[in-house]
Amino acid sequence: MRIYKDIFTGDEMFSDTYKMKLVDEVVYEVYGKLIQRKEGDIQLDGANPSAEEQDEGTDENVQSGVDIVMNHRLCETYAFSDKKSYTAYLKDYMKKLVAKLEEKSPDQVEVFKTNMNKVMKDILGRFKELQFFTGESMDIDGMVGLMEYREIDGNSVPVMMFFKHGLDEEKF
């Protein structure tokens, strides 16, 4: 299994347990699903619920949301009220990414800039449909993942987008 972490904050962003696709060598699209989870709901193989504690009629705490967000403790941020504020963040973030890339792989800087400009123009065109997520530390100086819902095979599917060059890949 591979965990993808933000290179600036160290926060987990996603893992390779989800269906994913690399777009133009710069953005990972990670396909999630909506889930519901009961707090403390642990099912053990071979356990007989009727022989265990009886339900006392208490309300259960149920969480629902996108599996990627819940499993990697991502936090929705409302820091970008308009396209202008997000574009300002993006310019600063891209400068930091290019500096890192110049250290690690200077031969890829031009390809990165060209492809990133193309991808971001497309994404910014859908700005009003996006939700923004930081890692668990909620550090806005790190990566801000993007999420939108797309119609796939007649279903509305949450698709998260993360910048490839802003991630470290750890194998487990």
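Not measured: the values here are computed from a predicted model. (Residues numbered from 1 in each chain as written. Predicted model: local features only at pLDDT ≥ 70, side-chain atom pairs only at ≥ 80, totals over all residues. Heavy atoms only, no water.)

> Explain helix 2 (residues 83-104) to me, please; I cannot follow it from the model alone.
An α-helical turn contains 3.6 residues, so any two residues separated by three or four positions project in the same direction. The terminal C-alpha atoms of helix 2 lie 31 Å apart, and with 22 residues this matches the ideal 32 Å at 1.5 Å per residue to within 8%. Along helix 2, the positions that sit buried rather than exposed are Y86, Y89, L90, Y93, M94, L97, V98 and L101. On the buried face of helix 2, the contacting elements are helix 3 (109-124), strand 8 (131-134), strand 9 (145-152) and strand 10 (155-163). (Helix = DSSP H or I, 4+ residues; strand = E, 2+ residues; numbered from the N terminus. Expected span 1.5 Å × (residues − 1). Buried < 20%, exposed > 50% of the residue type's maximum accessible area, 1.4 Å probe, protein only. Contact = heavy atoms within 4.5 Å.)

> Looking at this structure, how should I read the pattern of salt bridges?
Opposite charge on two side chains allows them to pair when their charged atoms are near. On inspection of all chains with the given rule, the structure shows eleven salt bridges. A salt bridge links R150 to E29; the shortest N-O distance between them is 2.9 Å. Residue R150 is located in strand 9, and its partner E29 is located in strand 4 (residues 27-31); the two are separated by 121 residues in the primary sequence. For E29, a relative accessible area of 9% puts it in the buried group. A salt bridge links E136 to R73; the nearest nitrogen and oxygen atoms lie 3.1 Å apart. Remark: R73 occurs in the loop between helix 1 (67-71) and strand 7 (75-77) and E136 occurs in the loop between strand 8 and strand 9; sequence separation between them is 63 residues. (Salt bridge = Lys/Arg side-chain N within 4 Å of Asp/Glu carboxyl O.)

> How do you make sense of the sheet that holds strand 9 when you look at a structure like this?
Paired through backbone hydrogen bonds, the strands of a sheet run either parallel or antiparallel to each other. Sheet architecture is open: six strands sit in the order 3-4-10-9-8-7, paired in antiparallel fashion. At either margin of the open sheet sits one strand with a lone partner, and together these are strand 3 (19-23) and strand 7. Ignoring which end each strand starts from, the neighbouring axes of this sheet average 35° apart. Where strand 8 and strand 9 come together, three bridges link them in antiparallel fashion. The residue bridging Q131 from the neighbouring strand is M147, located in strand 9. Across the sheet, helix 2 touches strand 8, strand 9 and strand 10, and the angle it forms with strand 10 is around 50°. (Pairing = 2+ DSSP bridges. Axes fitted to C-alpha atoms, helices over the stretch in contact; angles between N-to-C directions.)

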